[in-house]
Amino acid sequence: MSLLGAIEAGGTKFVCGVGTEDGTVVERVSFPTTTPEETMANVFNFFADKDIEAIGVGSFGPIDPVKGSPTYGCITTTPKPHWSNYNIVKALEERFDVPIGFDTDVNGAALGEYTWGAAQGLDSCLYITIGTGVGAGAVVSGELIHGLSHPEMGHIYVRRHPDDKYEGTCPYHADCLEGLAAGPSLGKRWGVPGVELTPDHPAWEMEAYYLAQALMNYVLILSPQRIVMGGGVMKQEQLFPLIRTKLQELLAGYVQHPSLHEGIDQFIVPPMLGDNAGLCGALALAKLAVDEAKSIQA
């Protein structure tokens, strides 16, 4: 079976791996995200002796994933020092003569869950991660969503909770979804990290209030067949029933489908790929790059 390369390019760390076309990770390594020169040198060293058919990159963003664009392959307006306008695809193409798949980390994770995980066998899904930031990717009719660029679903506006006086953490929008619901907002709003809050703390009802609003918007606009929720904040398992109940309340019966009623527990789920969602997403992007290259040759 052919081997594929995978890069989960995060703002804090890079995870590189090698896996098979069925999504099995056979080797992985991680190292801190420092400067592009130092970080990419570690990437090149890892893949130097690997016999791989393609490399998939799921990257922190914003990025330009639109082929044909002058800045395709670039990490664009990121606040991460040294990485703004860095062309990671070009750097890989100059070193390795294999197809390169490139997208956001959350689009990659959505594709991974769609291909091998919690949304396998369905026609569409949405993957949302709630951690240091909030981001989401979507597969619709078997295709990842792109347009002008890629979706930025973590920065939608939501109604404030009546008891919430916190200004929000987002440096661009203050109280958008990311500003009110990402991990850092929990610590700054309540004075302690989210992991130190008890399961019955009022923080979780407020968190579910914001996340359910976001899911309502995604349900109404994208109509996904499954929503997969990952990231560090969603390791607080008490959030899942709170979010499911609040989503039902917000929809108020407007969208009539069994998945939103008796099937809600199977509609909003954690990642089946677990902590490998990002790396498996990059493998899925590599597999997609191979398929695209073969279709061009044909």
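What you see is a predicted model; the values in this text were computed from it and never measured.

### Quick look at the overall build of the chain
- For the chain, the count of helices and strands is 9 helices and 12 strands.
- In terms of overall size, the chain behaves like a compact globule, its C-alpha atoms giving a radius of gyration of 19 Å where 298 residues would be expected to give roughly 19 Å.
- Taken over the C-alpha atoms alone, the chain extends approximately 55 × 40 × 35 Å along its principal axes.
- Looking at the chain as a whole, 51% of its 298 residues are labelled buried.
- In the form shown here, the chain has an accessible surface area of approximately 13600 Å², with 53% of it arising from carbon and sulfur atoms.

### Considering unusual backbone geometry
- Each neighbour pair has its own omega, and for Gly61 with Pro62 the value is 0°, a cis peptide bond.
- Mapping Pro62 onto the fold places it in the loop between strand E4 (55-59) and strand E5 (74-75).
- At Ser223, a residue that is not glycine, the phi angle is positive and equals roughly 50°.
- For Ser223, the position within the fold is in the loop between helix H6 (202-222) and strand E11 (227-230).

### A look at the domain arrangement of the chain
- In terms of domains, the chain is made up of domain 1 (3-104) and domain 2 (118-270).
- Between domain 1 and domain 2, the C-alpha centre-to-centre distance is 27 Å.
- In this complex, domain 1 contributes 7 residues to the contact, which on the side of domain 2 involves 8 residues.
- Regarding the contact of domain 1 and domain 2, the summed buried area is about 530 Å², with carbon and sulfur atoms giving 52% of it.

### Brief notes about the layout of surface pockets
- Here the second largest pocket defines a volume of roughly 410 Å³.
- Along the wall of the second largest pocket there are 22 residues; nearest its centre are Leu111, Leu144, Leu285, Leu288 and Glu292.
- Sorting the residues of the lining of the second largest pocket by element identifies strand E7 (100-104), helix H3 (105-116), strand E10 (143-144) and helix H9 (277-297) as the ones contributing at least two each.
- Among the elements that take part in the lining of the second largest pocket, H9 stands out by supplying 7 residues, more than any other.
- Residues of the lining of the second largest pocket, tallied by class, amount to 12 nonpolar, 4 polar and 6 charged.
- The residues that make up the lining of the second largest pocket include at least three from each of domain 1 (3-104) and domain 2 (118-270).

Reading the values: the criteria
- Once a new chain begins, its residue numbering starts again from 1 and follows that chain's sequence as written.
- Owing to the predicted nature of the model, reporting of local features is limited to residues with pLDDT of at least 70; listing and counting of side-chain atom pairs is limited to 80 or more, with chain, interface and lining totals taken over all residues.
- Computation of side-chain values covers all heavy atoms of the structure but excludes hydrogens and water.
- In this text, helices come from DSSP runs of H or I with a minimum length of four residues, and strands from runs of E with a minimum of two, each type numbered from the N-terminal end.
- C-alpha atoms define the radius of gyration in this analysis, and the globule rule sets the expected value at 2.2 Å times the number of residues to the power 0.38.
- Burial status follows relative accessibility: with a 1.4 Å probe on protein chains alone, a residue under 20% of its type maximum counts as buried, one over 50% as exposed, and anything between as partly exposed.
- Using a 1.4 Å probe, accessible areas were evaluated by the Shrake-Rupley method; residue-level cover was limited to the displayed protein chains.
- For every domain, the bounds stem from an assignment made automatically or drawn from a database.
- The contact criterion used throughout is that any non-hydrogen atoms of two residues lie within 4.5 Å.
- By convention, the term buried area covers the 1.4 Å-probe accessible surface removed from two parts as they join, with the contributions of both added.
- Using protein atoms alone on a 1 Å grid, points that fit a 1.4 Å probe yet trap it form a cavity, whereas open point sets bounded by protein on both sides within 12 Å along at least five of seven lines form a pocket; residues with an atom within 4 Å of a point count as lining.
- Grid points are joined across faces, edges and corners, and a volume is the space filled by probe spheres set on the points.
- The nonpolar class holds Ala, Val, Leu, Ile, Met, Phe, Trp, Tyr, Cys and Pro. Asp, Glu, Lys and Arg form the charged class, and all remaining residues, Gly among them, are polar.

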